[in-house]
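Structure assessment
As a plain string of letters, each chain reads:
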Amino acid sequence: MNFELTEDQNAYREAAEEFAAKEMAPHAAEWDAEQIFPKDVLRAAGELGFCGLYSPEKAGGLGLSRLDSSIVFEALCTKGDTSTSAFLTIHNMATWMATAFGQDEMVEEWGEKLTSGQALASYCLTESGAGSDASSLKTTARKDGDHYILNGGKQFSSGAGDTEALVVMARTGEDGPRGITCFLVPGDTDGVSYGKKEEKMGWNSQPTRAITFEDAKIPATYRIGEEGEGFKFAMMGLDGGRINIGVCSVGTAQAAMETTRDYLHERKQFGQAIADFQATQFKFADMATELTAARQMIRLAASKLDNKAPEATSFCAMAKRFATDACFNVVNDALQLHGGYGYIKEYPLERMVRDLRVHQILEGTNEIMRMIIARRLLADGALEQIK
Amino acid sequence: MKVMVSVKRVVDYNVRIQVKGDGSGVNLDGVKMSMNPFDEIAMEQAVQMKDAGTAEEVIAVTIGPAKAEEQLRSALAFGADRAIHVKTDEEIQPLTAARILAKLFEKEQPKVLLTGKQAIDDDANQTGQMTAALLDLPQATFASAIEFDGDKAKVTREVDSGLETIEVDLPAVITTDLRLNEPRYLKLPDIMKAKKKPIDAMSVEDLGIEEAVKLNVTKTAPPPEREPGVMVEDVNELVSKMKDKGLV
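Residues numbered from 1 in each chain as written. Chains lettered and ligands numbered in written order. Predicted model: local features only at pLDDT ≥ 70, side-chain atom pairs only at ≥ 80, totals over all residues. Heavy atoms only, no water.

1. Things to note about the overall build of chain B
Definition in use: Numbering of helices and strands runs from the N terminus; a helix is a DSSP stretch of H or I covering at least four residues, while a strand is a stretch of E covering at least two. When a residue's accessible area, from a 1.4 Å probe over protein chains only, is under 20% of the maximum for its type it is buried; when over 50% it is exposed; and in between it is partly exposed. Each accessible area value is a Shrake-Rupley result obtained with a 1.4 Å probe; residue values ignore everything except the protein chains displayed when judging cover.
Per the secondary structure count, chain B includes six helices and 11 strands. Its C-alpha atoms give chain B principal-axis dimensions of about 70 × 40 × 40 Å. A burial count over chain B gives 44% of its 248 residues as buried. Accessible surface, chain B as shown: approximately 13900 Å² in total, 48% of it carbon and sulfur.

Structure follows, in structure tokens:
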């Protein structure tokens, strides 16, 4: 066992840092304030390989492990922009689902476009009446010859209205999880319409919209996997999605701590640098400890997923819950240590707090994470699997 | 044509340098190291020549410790076809570096040797010039534009009085300046491919080079700390303060 990054992982991280520092960081405040979705920068990220990190190579992806991918996402958040990088993680998740399980004709047509970032993807699971209880979703897909016809609606879809592809969970059969099927729906399909752009607390560089399907007709070849497999894919996708969101919190908290470290040395009160006050030092030490614990939880979960460990889902849920909570507290403490300067937009702290707040809510709320962890680990023999 | 590019492993330009307590040098423990930025510009030039069909083969060369392989891997990810690593744990002075590069040049017979005008660690700005002298080849230093035409290269140089354009016969040594180009971002697939490209490793002794120790660093010191200023009420006070200090 070895906790050091490999030479390759360091090279990926440096490549991501370089891109993020030059192409994302200088614009992050503006993208937030003006609610700009930087598709050109996402496409440029795609040219470097960041849009299909763990998608299969046959579809133009890089086939990297989840652990390698998490290191790239972390770097993009630390040196670049949280909201835009978080969208990139969602695109990676949706692209992986479509390219790993899609039918050959569809992957032939869409794979390269998605993995190169020429087409961007939204993930569409949540509905107005089906959030935490996702398997109760009501959107339907009815088979009609060699087509499916979709009706219903989705809520809170990242990127929707500005993305070229929607990865949609819809009901083709019985109630409950077994009746759900996954589809790739081109964003401009007739019968697909979008709601207004939601006004949000953070994540402002990516639009969030509701989607309505009214007799939206797609080829049957756009079905991803078999009928009834959708919920399984959704949960598999979310295992990785939870690592992605958790690592976006870790990367941002790292950035917040680096900014804070510099500030603590510069800022003088009562005749000394505030870094010299023990109250500040103890706070800073605790923040660094929480951040490190969060990072290790994320990397452990990614490794479990890569190695198909029996309790990988529990590890992903635990890591997401812990990292998003701990890192929210780290950036919030970083804001506090900046005093009044932390609250004004000249410094990045308030944006970090706003962006990280939603990580505790999406990809399954942190309360749902606890449900998943408890339900799985209360089962016979499961606890013995996490040793 | 065949192009050789020499790259050096140096402390990353973003790192805040710490001088060792005893003044014997700078602290390199756990410090981020990168390819010398001017050498990145030389790499970019070489790869652009490959993209344009002017260069058939690009060979990256470095002289340095085992870890300098990281910079060669970066060069290979940029687009170099193969690499040569002259391994040494000693500090290599410009003349020794020039002797090594001259030896490799003779062995590989490239049409051009590209390298940064200087390395940002010691700022010596000597290796390119010395290599050209040892090989008795033309040199074009501080290049901000390069145009190849048959067996000649037209090079625009950044000199104190402005821009100077010279023509050199090939083979030649060209050193690259900041405004020649903007190095590309490394693509993850290229980083992966670079792993499989060959690196030929050898020692300084293998090349039969005698190490030149001409320079002796006697002391390394950080720049003096900026002294606190004083606030003045008006222009008169400013002028009188400056007079007191003998500045006007």
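2. Observations regarding helix α12 (residues 366-377) of chain A
Structural remark: α-helix, 3.6 residues per turn; residues separated by three or four positions point the same way. Residue and element names in this part refer to chain A. What counts here: Here the expected length of a helix is defined as 1.5 Å per residue gap, with one fewer gap than residues. By definition, the arc is the one covered by directions from the helix axis to the C-beta atoms. Note on contacts: a residue pair qualifies if any of its non-hydrogen atoms lie within 4.5 Å across the two residues.
Look at α12: 16 Å from first C-alpha to last across 12 residues, which is about the 16 Å you get at 1.5 Å a residue. Among all positions in α12, only Asn366, Ile368, Met369, Ile372, Ile373 and Leu377 are buried. In a view along the axis of α12, the buried residues occupy a sector of 150 degrees, so they form one face of it. Residues of α12 that are exposed and angled more than 90 degrees away from the buried face: Glu367 and Arg375. Where α12 is buried, its residues contact α7 (230-266) and α9 (312-337).

3. Focus: the nonpolar core
Note the cut-off: Here, the term nonpolar core denotes a set of buried Ala, Val, Leu, Ile, Met, Phe, Trp, Tyr and Cys residues that are joined through side-chain atoms within 4.5 Å.
In this structure, Phe50(A), Leu76(A), Tyr123(A), Met43(B), Leu114(B) and Leu188(B) are the most contacted members of the largest nonpolar core, which totals 155 residues. For this core, the element with the highest residue contribution is α7(A), accounting for 15 residues. Leaving out residues up to four positions away in the same chain, Leu114(B) has contacts with Val3(B), Met4(B), Val5(B), Ser6(B), Ala42(B), Gln45(B), Ala46(B), Met49(B), Ile146(B), Ile174(B) and Thr176(B). Counting residues in hydrophobic clusters, the runner-up holds 22 residues, among them Met4(B), Ile63(B), Ile84(B) and Val173(B).

4. Examining a nonpolar patch on the surface
Residues and elements named next belong to chain B. Here is the rule: Patch membership needs two things, relative accessible area over 30% and no salt bridge, and members are linked within 9 Å if like-charged or within 5 Å if nonpolar (Val, Leu, Ile, Met, Phe, Trp, Tyr). Salt bridge, as applied in this entry: a Lys or Arg side-chain nitrogen positioned within 4 Å of an Asp or Glu carboxyl oxygen.
On the surface, a nonpolar cluster with roughly 390 Å² of combined accessible area is contributed by Val235, Val239, Leu247 and Val248. By the secondary structure assignment, Val239 is in helix α6 (residues 235-244). With relative accessibility at 34%, the residue Val239 sits in the partly exposed group.

5. Examining the side chain of Gln206(A)
Residues and elements named next belong to chain A. To keep things clear, this is the line we draw: Under the rule applied, a polar contact is a pair of N or O atoms within 3.5 Å (in protein, one hydrogen donor and one hydrogen acceptor; residues adjacent in sequence only if both atoms are side-chain atoms).
Mapped onto the elements of the fold, Gln206 is located in the loop between β6 (192-194) and β7 (208-219). Taking the relative accessible area as the measure of exposure, Gln206 reaches 1% and is therefore buried. A distance of 3.0 Å separates a polar side-chain atom of Gln206 from the backbone oxygen of Ser83. A polar contact is formed between the side chain of Gln206 and the side chain of Ser158, at a distance of 3.1 Å. Residues contacting Gln206, with those up to four places away along its chain left out, are Phe37, Ser83, Ala86, Phe87, Ile90, Ser158 and Lys200.

6. Section: unusual backbone geometry
Glycine aside, residues mostly have negative phi, and peptide bonds are mostly found in the trans state. Residue and element names in this part refer to chain B. Across the junction of Leu170 and Pro171, the peptide omega takes the value 0 degrees, indicating a cis bond. Its place among the elements puts Pro171 in the loop between β9 (162-169) and β10 (172-176). In the Ramachandran plot, Asn125 falls in the positive-phi region, its phi being about 60 degrees despite a non-glycine side chain. Tracing the backbone through its elements, the reader meets Asn125 in the loop between β6 (112-116) and α4 (127-135).

7. Some words on the domain arrangement of chain A
Residue and element names in this part refer to chain A. Stated precisely, the cut-off is as follows: Throughout, the edges of the domains are those of an automatic or database domain assignment. Each of two parts loses accessible area, computed with a 1.4 Å probe, when they are put together; buried area is these two losses added.
Domain parsing of chain A yields domain 1 (7-116), domain 2 (121-227) and domain 3 (231-386). For domain 1 and domain 2, the distance between their C-alpha centroids amounts to 22 Å. Between domain 1 and domain 2, the residue contacts involve 28 residues of the former and 27 residues of the latter. For the pair domain 1 and domain 2, the summed buried area comes to about 2300 Å², and 60% of that belongs to carbon and sulfur atoms. Summed over the three residues of domain 1 that lose the most area to domain 2, namely Gln35, Gln103 and Trp110, the buried surface amounts to 25% of that side.

8. Here we look at the interface of chain B and chain A
Buried accessible area, meaning the area lost when the parts come together, often serves as the stated size of an interface. Operational definition: Amino acids are sorted into nonpolar (Ala, Val, Leu, Ile, Met, Phe, Trp, Tyr, Cys and Pro), charged (Asp, Glu, Lys and Arg) and polar (every other residue, Gly among them).
Contact with chain B, which involves 13 residues of that partner, is made by 20 residues of chain A. Of the roughly 1400 Å² buried where chain B meets chain A, counting both sides, 65% is carbon and sulfur surface. Sorting the residues of chain B by area buried against chain A places Tyr185(B), Leu188(B) and Met192(B) first, and these three jointly supply 48% of that buried surface. Seen at the junction of chain B and chain A, the total is one salt bridge. In this assembly, chain B and chain A are joined by three residue pairs in polar contact (both at pLDDT 80 or more). Those elements that place two or more of their residues in the side of chain B that touches chain A are α2 (69-78) and α5 (188-194) of chain B. Counting residues per element, the side of chain B that touches chain A draws most heavily on α5(B), which supplies four residues. Broken down by class, the residue content of the side of chain B that touches chain A amounts to seven nonpolar, no polar and six charged.

9. Points about α4(B)
Residues and elements named next belong to chain B. Listed in full, the buried residues belonging to α4 are Gly128, Gln129, Thr131, Ala132 and Leu135. With its buried residues spanning 165 degrees around the axis, α4 presents them on a single face. Of the surrounding elements, those touching the buried residues of α4 are α3 (94-108), β6, β7 (139-149) and β10. Phi turns positive one or two residues past the end of α4, at Asp136, with a value near 55 degrees.

10. With respect to the packing of α9(A) against α12(A)
Residues and elements named next belong to chain A. Condition: Fitted lines through C-alpha atoms give the axes, limited to the stretch in contact for helices. The angle between two N-to-C directions lies from 0 to 180 degrees. Working rule for handedness: look at the near helix, and if it is turned counterclockwise from the far one by less than a right angle, call the crossing left-handed; if clockwise, right-handed.
Closest axis-to-axis distance for the α9/α12 pair is 9 Å, and the angle between their directions is 145 degrees. The way α9 lies across α12 gives a crossing that is left-handed. Residues Thr313, Ser314, Ala317, Met318, Lys320, Arg321, Thr324 and Asp325 of α9 lie in contact with α12, whose contacting residues are Asn366, Met369, Arg370, Ile372, Ile373, Arg376 and Leu377. For the contact of α9 with α12, the residue count by class is six nonpolar, four polar and five charged.

11. Considering the pairing of strand β8 (residues 152-159) of chain B
Residues and elements named next belong to chain B. Put simply, the rule is: One bridge is not enough; two strands pair if DSSP finds at least two bridges between them.
Taken together, the six bridges between β7 and β8 define a ladder with antiparallel strand orientation. For Asp149, the partnering residue across the bridge sits in β8 and is Lys152. Between β7 and the antiparallel strand that follows it, β8, lie two residues; Gly150 among them carries a positive phi value of about 60 degrees. By the bridge criterion, eight bridges tie β8 to β9 in an arrangement that is antiparallel.

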